[in-house]
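Take a look at the letters that make up each chain.
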Amino acid sequence: MNKILLLLIPPLSFFACEVDKLVSNDPIEQKVDSLLAQMTLAQKIGQTAQRGTSSRVKGGLSEALKTAVREGRIGSMINVMNKGFVDELQHIAVEESPNGIPLIFARDVIHGFKTIFPIPLGQAATWNPELVEVGARVAAIEASTYGVRWTFAPMLDIARDPRWGRIAESPGEDPYLASVLSAAYVRGFQGNDLTDPSSMIACAKHFVGYGAAEGGRDYNTAIIHEPLLRNVYFPPFQKAVEAGVQTFMSGFNELNGVPVSGNQWILGEVLRQEWKFDGFVVSDWNSVTEMIDHGYCTDEKEAAFKAAMAGLDMEMTSQAYEQYLEVLIAEGRIDLARLNRMVRAILRVKFRMGLFDQPYRVDRSGAILSQDHLAKAKEIAAQSMVLLKNDKQTLPITQSQKIAVIGPLADAPLDQLGTWIFDGDQKDSVTPVQAFKEELETERLRVEAGLAYSRDRSKDQFSAAVRAARASDVVLFFGGEEAILSGEAHSRAHLNLPGVQEELIRVIKDQTDKPIVLIIQAGRPIVLANIIDQVDAILMAWHPGTMAGPAVVDILTGAFNPSGRLPVTWPKSVGQIPIYYNHKNTGRPADSASFVGIDNIPVGAWQSSLGNDSHYLDDGFTPQYPFGYGLSYTNFSYSNLNISQDVLSEGDTLKVTFDVTNAGTVAGVETAQLYMRDHVASLTRPIKELKRFARVSLSPNETKKVELVLSTNDLRFYKNANEWVLEPGVFSVYVGGNAQTTWEKKFRIK
């Protein structure tokens, strides 16, 4: 057994039961202790139980459920979306249960409630934390009207594999960008005052490593050594704690052989002892009892024991705690102090939320889908879209051009909402077709879907699509994947456009030779190798939400200059995966000078290692598009890069200044990105790491000076044995518009 495994599986007695108890003079702690002293064992166990149903199950409240609430045997409810049921259950809990402890009503409110915003991966593409915070605040205002005061968001899993369906819910591949967005989500959902009835407590999930599932297969094993955990996967979660997040969720996955719902090192030592988190931890759906299937527990009793000893406070939907905690306490395997700590954490959050003073739902129905909320949804959608290709200035389309709108996602009101939108309604969607019909004169617009849905293999509508293309000046092809093809349990082995979309694009190109703009709606990067040469422009729209249509029309017509930047590296093929910008250099780093491609190898060549570097013969070593990439309708240039000093000591700061100029004829926003590299270290470091960025708004021919400041803390890394180090040596800072920038200044740490 190696050192890392020993860290991940400490003795069962390791986790101290009272490490998160605050000083006794804290008013909330006094209230918690007073209430805890009045509760029976059964009532304490009841607080650890979250009950509810699937989001699609409908029906009335059973007498058994009401009785359980009345007896204090439930602490939280999930997926109760009937306002009357919410009100009735809360009245029972507050007025009829032994201690009047309110329920928390929870829901997966991931990227909007009724007003749906772009999927989280799309919101990450805005590189605009202020706007992300606005979207989360809107979601909280709308959801709390239904009594939802707890959301299972944000999802903070670093995702380096686009085959994984839940990359759609992630902040992307970079720990710094994810950390900035983590804090923004928490601030937005929770607001400035947890007692405000529109505040919705956030839940940092899935702690931890869920996004590193082998092969991108959901629920799969994750193997992550401790330095990688601390340097890459932990930071967004730690930032959530610093931002005041009230709850954490353990993931479905196992990490280095131990399911995280029973992992004491993760939930106990790291989360509570190191980070001083004092909220509560909830399991993912049935993840406690799924430890049996993992082969970590023999039965539900052992699952309850290991989860409780690990530091998991509330069990979602499965009932191992309800059935076995009392038995385990009677047997002496779990002491009462441990249960008290679990319950204290839950009650603490309920008091912080002000539920004991104002437990009831406050109806703000007038805010739902308000014009203000829709305007914000449109703004975020527009900022999320990334222009990937624009040959011969195909975009924006001009006022004189006739356009053909083709493709299965041009008028797909449900699919544009994206994954995980339980409460979004397709009837509220404004599709691109609807928006174009409002924007353009009838004679300029031709609409032919060509395909009924993204996976459609029928070619019956091809000829109609070709006729529409021939009668137009430019083709707008709305392709991608339906919403159901990404999200939980929807991993894909092949990432090309589903169905016969690629064939339809080729037929249109071959038979009309009209310029084609591909607008992709998808929950992940799509492999474009088969068609990238067939299209003249590409706009990644993700799944943009309720206001997809007006947002995409504004971009395509030039009313809005695209400013989105990729939060993930875009692969050329599935075979390149995993491919991410912050990789290690290897002993034989690839470069264009030494690269030997498959077609450059002579027939009958002598067996050799050719270019002697790390690459694929067929797909090379560069991605289709790098992390941070995105085009604009204008051009930006950089100049005058300077650093404040060439030699730094511990505690110093480094000011990095440079000029950004809009060299084009239209106003635009450039996302200036600063990367760092530690060239030689006792633990090898990535070739680049994002450390700062700034969105710079520029008028035509305008130049602005940008100043970004680094501290020596930004240069530290986790080595091993709980050791964060700042080592002397040579460092580089790089500035530019994406991760492939080579504009560099070097400095030393002495």
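Residues numbered from 1 in each chain as written. Predicted model: local features only at pLDDT ≥ 70, side-chain atom pairs only at ≥ 80, totals over all residues. Heavy atoms only, no water.

You'll find the protein entered in an unreviewed UniProt entry as Glycoside hydrolase family 3 C-terminal domain-containing protein, with Reichenbachiella carrageenanivorans given as the organism. In the Sequence similarities (unreviewed entry) part of its UniProt record, the protein is described as follows: "Belongs to the glycosyl hydrolase 3 family." (UniProt positions renumbered as here; feature names shortened; annotations may be inferred.)

1. Topic: the pattern of salt bridges
This structure, assessed with the given rule, holds 39 salt bridges. Between Asp-363 and Lys-83 there is a salt bridge whose closest N-O contact spans 3.5 Å. Placement of the pair is Asp-363 in the loop between helix H15 (336–352) and helix H16 (371–384) and Lys-83 in helix H5 (residues 83–96), with a sequence separation of 280 residues. With its nearest N and O atoms 3.0 Å apart, the salt bridge here joins Arg-361 to Asp-363. (Salt bridge = Lys/Arg side-chain N within 4 Å of Asp/Glu carboxyl O. Helix = DSSP H or I, 4+ residues; strand = E, 2+ residues; numbered from the N terminus.)

2. Here we look at the sheet that holds strand E4 (residues 150–151)
Taken together, the 5 strands give an open sheet; going across it, the order is E4-E3-E2-E1-E10, and neighbouring strands pair in parallel fashion. In this open sheet, the two edge strands, each paired with only one partner strand, are E4 and strand E10 (315–316). Alignment of strand E3 (residues 104–107) against E4, held across 2 bridges, turns out to be parallel. In the strand pairing of E4, Arg-107 is matched with Thr-151. (Pairing = 2+ DSSP bridges.)

3. So, the packing of helix H2 (residues 27–38) against H15
Running from N to C, H2 and H15 cross one another at 125 degrees; their axes reach a closest spacing of 9 Å. It follows from the interaxial angle that H2 and H15 lie oblique. The interaxial crossing formed by H2 with H15 has right-handed handedness. Listed contacts from H15 to Ile-28, Glu-29, Lys-31, Val-32, Asp-33, Leu-35 and Leu-36 of H2 are Asn-340, Val-343, Arg-344, Leu-347, Arg-348, Phe-351 and Arg-352. A per-class count over the contact of H2 with H15 returns 7 nonpolar, 1 polar and 6 charged. (Axes fitted to C-alpha atoms, helices over the stretch in contact; angles between N-to-C directions. Parallel < 35°, antiparallel > 145°, perpendicular 65-115°, else oblique. Left-handed = near helix turned anticlockwise from the far one by under 90°. Contact = heavy atoms within 4.5 Å. Nonpolar A, V, L, I, M, F, W, Y, C, P; charged D, E, K, R; others polar.)

4. As for the UniProt feature "domain: Fibronectin type III-like" (unreviewed entry) in the protein
Within this structure's numbering, the places UniProt gives as "domain: Fibronectin type III-like" (unreviewed entry) are residues 670–739. As annotated, residues 670–739 comprises 0% helix and 61% strand, and the C-alpha atoms at either end are separated by 14 Å.

5. Brief notes about the environment of Asn-662
Note that Asn-662 resides in strand E19 (residues 653–662). Apart from residues no more than four positions distant in its own chain, Asn-662 is found in contact with Thr-634, Asn-635, Phe-636, Ala-667, Gly-668, Leu-698, Ser-699, Pro-700, Asn-701 and Glu-702. Within the structure, the side chain of Asn-662 is placed 3.1 Å from the backbone oxygen of Leu-698, a separation counted as a polar contact. At 3.3 Å, the side chain of Asn-662 forms a polar contact with the backbone oxygen of Ser-699. (Polar contact = N/O pair within 3.5 Å; in protein donor to acceptor, adjacent residues only side chain to side chain.)

6. Describing the side chain of Ser-732
Mapped onto the secondary structure, Ser-732 falls in strand E25 (residues 729–736). On the basis of relative accessible area, Ser-732 is assigned to the buried category, the value being 0%. At 2.5 Å, the side chain of Ser-732 forms a polar contact with the side chain of Glu-744. (Buried < 20%, exposed > 50% of the residue type's maximum accessible area, 1.4 Å probe, protein only.)

7. Here we look at helix H10 (residues 235–242)
Residues that lie three or four places apart on an α-helix share one face, since the helix turns once every 3.6 residues. Within the sequence span of H10, burial applies to Pro-236, Phe-237, Ala-240 and Val-241. Along the axis of H10, the buried residues cluster in a sector spanning 145 degrees; they form a single face. Where H10 is buried, its residues contact helix H8 (175–190), strand E5 (203–207), helix H9 (226–233), strand E6 (247–250) and helix H11 (264–274). Note on H10: the residue one or two positions beyond its end, Gly-244, has a positive phi of about 95 degrees. (Arc of directions from axis to C-beta.)

8. Looking at H2
With 12 residues, H2 extends 17 Å between its outermost C-alpha atoms, agreeing within 8% with the 16 Å of an ideal straight helix rising 1.5 Å per residue. Inspection of H2 places Glu-29, Val-32, Leu-35 and Leu-36 among the buried residues, and these make up the whole buried set. Mapping the buried residues of H2 onto a view down its axis gives an arc of 130 degrees, with all of them on the same face. Relative to its buried face, H2 has exposed residues pointing more than 90 degrees away, namely Pro-27, Ala-37 and Gln-38. Elements in contact with the buried residues of H2: helix H3 (41–47) and H15. Capping of H2 at its N-terminal end is provided by Asp-26; its side-chain oxygen lies 2.9 Å from the backbone amide nitrogen of Ile-28. (Expected span 1.5 Å × (residues − 1).)

9. A short note on the packing of helix H17 (residues 432–439) against helix H20 (residues 548–557)
The axes of two packed helices give the description: the angle between them and the distance between them. Remark: H17 packs on H20, axes separated minimally by 7 Å, with the N-to-C direction vectors making an angle of 60 degrees. Considering their axes alone, H17 and H20 lie oblique with respect to each other. Pair H17 / H20 crosses with right-handed handedness. Contact with H17, carried on its side by Pro-432, Ala-435, Phe-436 and Glu-439, involves Gly-549, Pro-550, Val-552, Val-553 and Leu-556 of H20 and no other residues of that element. Here the residues of the contact of H17 with H20 sort into 7 nonpolar, 1 polar and 1 charged.

10. A word on the nonpolar core
Membership of the largest hydrophobic core comes to 87 residues, with the highest contact counts inside it found for Phe-207, Val-208, Phe-234 and Phe-248. Every residue in contact with Phe-207, bar those within four places of it in the chain, is listed here: Phe-234, Phe-237, Phe-248, Met-249, Ser-250, Gly-251, Val-260, Ile-266, Leu-267, Val-270, Leu-271 and Trp-275. Formed by 45 residues, the second largest nonpolar core is a distinct cluster that contains Trp-164, Phe-252, Leu-504 and Val-568. (Core = buried A, V, L, I, M, F, W, Y, C linked by side-chain atoms within 4.5 Å.)

11. Some details on unusual backbone geometry
Cis geometry marks the peptide bond from Ala-153 to Pro-154, where omega comes out at 10 degrees. Following the sequence through the fold, Pro-154 ends up in the loop between E4 and H8. The residue after Leu-395, namely Pro-396, is reached through a cis peptide bond having omega 0 degrees. Turning to its location among the elements, Pro-396 is positioned in the loop between strand E11 (386–390) and strand E12 (403–406). The residue Tyr-219 is not glycine, and still its phi comes out positive at about 70 degrees. Counting through the fold element by element, Tyr-219 comes out in the loop between E5 and H9. Within the chain, Asn-701 stands out as a residue other than glycine whose phi angle is a positive 65 degrees. Looking at the secondary structure, you find Asn-701 in the loop between strand E21 (689–698) and strand E22 (703–711).

12. A word on the confidence of the model for the protein
Per-residue pLDDT for the protein averages 95, and the proportion of residues at 70 or more is 96%. Confidence over residues 1–23 falls short of pLDDT 50; this stretch has 58 contacts with residues more than four positions distant or in other chains. (pLDDT = per-residue confidence, 0-100.)

13. Section: the pairing of E12
Of the two faces of E12, the one lined by Ile-403 and Val-405 and the one lined by Ala-404 and Ile-406 are each fully buried. Pairing analysis gives 4 bridges linking E12 to strand E13 (residues 445–448), with the strands arranged parallel. In the strand pairing of E13, Ile-406 is matched with Glu-448. Tracing the backbone out of E12, into H17 and back to the parallel element E13 gives a crossover that is right-handed. Of the pairings in the sheet, the one linking E12 to strand E14 (residues 474–480) comprises 4 bridges and is parallel in character. (Right-handed = clockwise from strand over helix to strand, strands pointing away.)

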